[in-house]
Amino acid sequence: MGDFISKFQTPVFNICVGILEGEPIFNLDDLKIEKLILSSKNFLALNPIVIEADPFLFVKDDTLYLFYEEQRGNKGKGILKMTSTQDLKTWTTDVVILEEPFHLSYPNVFEYDGRIYMMPESGHNNDIRLYEMAEDMRSCRFVKSLIEGANFVDSTIFRHDNVNYLFTSVYKGNSQYEARIYIGDDNLDNWHQHPQSPFSIQNKDARCGGSIINDGRTFYRIAQDCSGNYGGGLNAYSIDELTTVSYKETFSCKLMPSRIYRNGGHQFSIVKFRDKLVVTIDYLTKSIFVKDMVARLCSKLTLNN
């Protein structure tokens, strides 16, 4: 019976924000949950929210900002939203900060050279785009395309030893990914591929799952494990060597699936806020929506005929 029901379930993503209590920083079972952003629960919904995902945290002055993707329907278009807090208890009303004619996700917000930028996933537009955030962080303006010509997904810039590296993945079709590194100049221009790029073509680690993390001792690349299914897992890899001519990394630990987040997830972000380590993740669950169930039944009947 369980297998029969699972055939009609829709994978959905939800967001969790919590305070990390204890070590190590990747132990998600020790999160003290402060906020949840949940997908639609109404099984009769005609246009349900199926994705609340790709959360990024950013601290500015005395405020913690949470940026994330929202998508309605399995074939819908992702938009980017933001909410903020000053005490982890009261959060502002969510606002849409960016919507384009094409799908958006992965709102990677970072500071560079005194300015705050966002580099979302815009692979459906075949580029990696840079936006500058407004002073109030409630909107942004397009600055330029950094790289063009492929379906780039989940990109992050990492400045190391005075060199700008851009980690990204290229979707090759048929659920296949290719992990690349690009090197750029101080103006975030003139990007060219690293000599060891692509450094992975394995679905178990070729797609990024957040920014580069520093625990005070080691830099970690967060990678999605898509070897079983999309969103099925998340791992941390220690960056052992990164220069303009070499790159080496080693598997460190599994973040998800975990004891609490058994189905998996595909995003991790961590910041220090008010002397606390605050973590956000998205996690995978499954729901039943009548609209999707009917569509699948019709599809099966069509194929059988």
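Located above this text is the structure these notes cover.
Report on the accompanying structure. (Residues numbered from 1 in each chain as written. Predicted model: local features only at pLDDT ≥ 70, side-chain atom pairs only at ≥ 80, totals over all residues. Heavy atoms only, no water.)

The next point concerns the state of the cysteines. Counted by the stated rule, this structure contains zero disulfides. Cys 208 takes part in no disulfide bond, and the closest cysteine sulfur to it belongs to Cys 226, at a distance of 11 Å. A residue is classified by how much of its surface remains accessible, and Cys 226, at 9% relative accessible area, is buried. (Disulfide = S-S within 2.5 Å. Buried < 20%, exposed > 50% of the residue type's maximum accessible area, 1.4 Å probe, protein only.)

Take the sheet that holds strand β9 (residues 127–133) next. Strand order across the open sheet formed by four strands is β7-β8-β9-β10, with antiparallel pairing between neighbours. Lying at the two open borders of the sheet, with one neighbouring strand each, are β7 (105–112) and β10 (140–148). Between one strand axis and the next, the sheet turns through 25° on average, direction left out of account. One ladder, built from seven bridges, connects β9 with β10; its direction is antiparallel. Along β10, the bridge assignment pairs Met 133 with Cys 140. (Pairing = 2+ DSSP bridges. Helix = DSSP H or I, 4+ residues; strand = E, 2+ residues; numbered from the N terminus. Axes fitted to C-alpha atoms, helices over the stretch in contact; angles between N-to-C directions.)

Turning to the nonpolar core, a few remarks are in order. Generally speaking, a soluble globular protein has its nonpolar side chains buried in company with each other. Counting 19 residues, the largest nonpolar core has Phe 26, Leu 28, Ile 213, Tyr 261, Phe 268, Val 279 and Ile 281 as its most contacted members. At the level of elements, β1 (10–20), β17 (219–224), β18 (234–242), β19 (247–256), β20 (267–273) and β21 (276–287) are the ones that each hand at least two residues to this core. The leading source of residues in this core is β21, at three residues. Residues Val 95, Ile 97, Ile 116 and Tyr 131 belong to the second largest nonpolar core, which totals 17 residues. (Core = buried A, V, L, I, M, F, W, Y, C linked by side-chain atoms within 4.5 Å.)

Looking now at a nonpolar patch on the surface. Together, Ile 33, Leu 36 and Leu 38 give the surface a local cluster of nonpolar side chains, amounting to about 250 Å² of exposed area. By the secondary structure assignment, Leu 36 is in strand β2 (residues 31–37). Overall, the relative accessible area of 41% leaves Leu 36 in the partly exposed class. (Patch = residues over 30% accessible without salt bridge, like charges linked within 9 Å, V, L, I, M, F, W, Y side chains within 5 Å. Areas by Shrake-Rupley, 256 points an atom, 1.4 Å probe, with all protein chains shown as cover. Salt bridge = Lys/Arg side-chain N within 4 Å of Asp/Glu carboxyl O.)

Another point: the sheet that holds strand β11 (residues 152–160). An order of β11-β12-β13-β14 is seen for the four strands of this open sheet, with the pairing classed as antiparallel. Looking at the sheet topology across the chains shown, the edges are occupied by β11 and β14 (192–193). Inspection of the sheet shows strand β12 (residues 163–173) paired to strand β13 (residues 176–184) by nine bridges, in the antiparallel sense. When the bridges of β13 are listed, Phe 167 appears paired with Ile 181.

Tracing the backbone through its elements, the reader meets His 266 in the loop between β19 and β20. Judged by its relative accessible area of 2%, His 266 falls in the buried class. Between the C-alpha atom of His 266 and that of Thr 85, which follows or precedes it by 181 residues, the distance is 24 Å. Filtering out sequence-adjacent residues up to four positions away, His 266 remains in contact with Phe 13, Ala 53, Asp 54, Gly 209, Gln 224, Tyr 230, Gly 231, Leu 234, Met 256 and Asp 282. (Contact = heavy atoms within 4.5 Å.)

This part takes up the pattern of salt bridges. Taken as a whole, this structure holds 18 salt bridges when the rule is applied. Asp 29 serves as the salt-bridge partner of Arg 259, at 3.8 Å between the closest nitrogen and oxygen. Here the residue Arg 259 occupies a position in the loop between β19 and β20, and Asp 29 occupies one in the loop between β1 and β2, the gap between them amounting to 230 residues. A salt bridge links Lys 77 to Glu 99, with the nearest nitrogen and oxygen atoms 3.4 Å apart. A residue pair is termed long-range when its members are at least 10 positions apart, and Lys 77 in the loop between β4 (63–72) and β5 (79–85) and Glu 99 in the loop between β6 (95–98) and β7 qualify at 22 residues. A relative accessible area of 48% places Glu 99 in the partly exposed class. One salt-bridge network, held together by shared partners, links Glu 100, Asp 127 and Arg 129.

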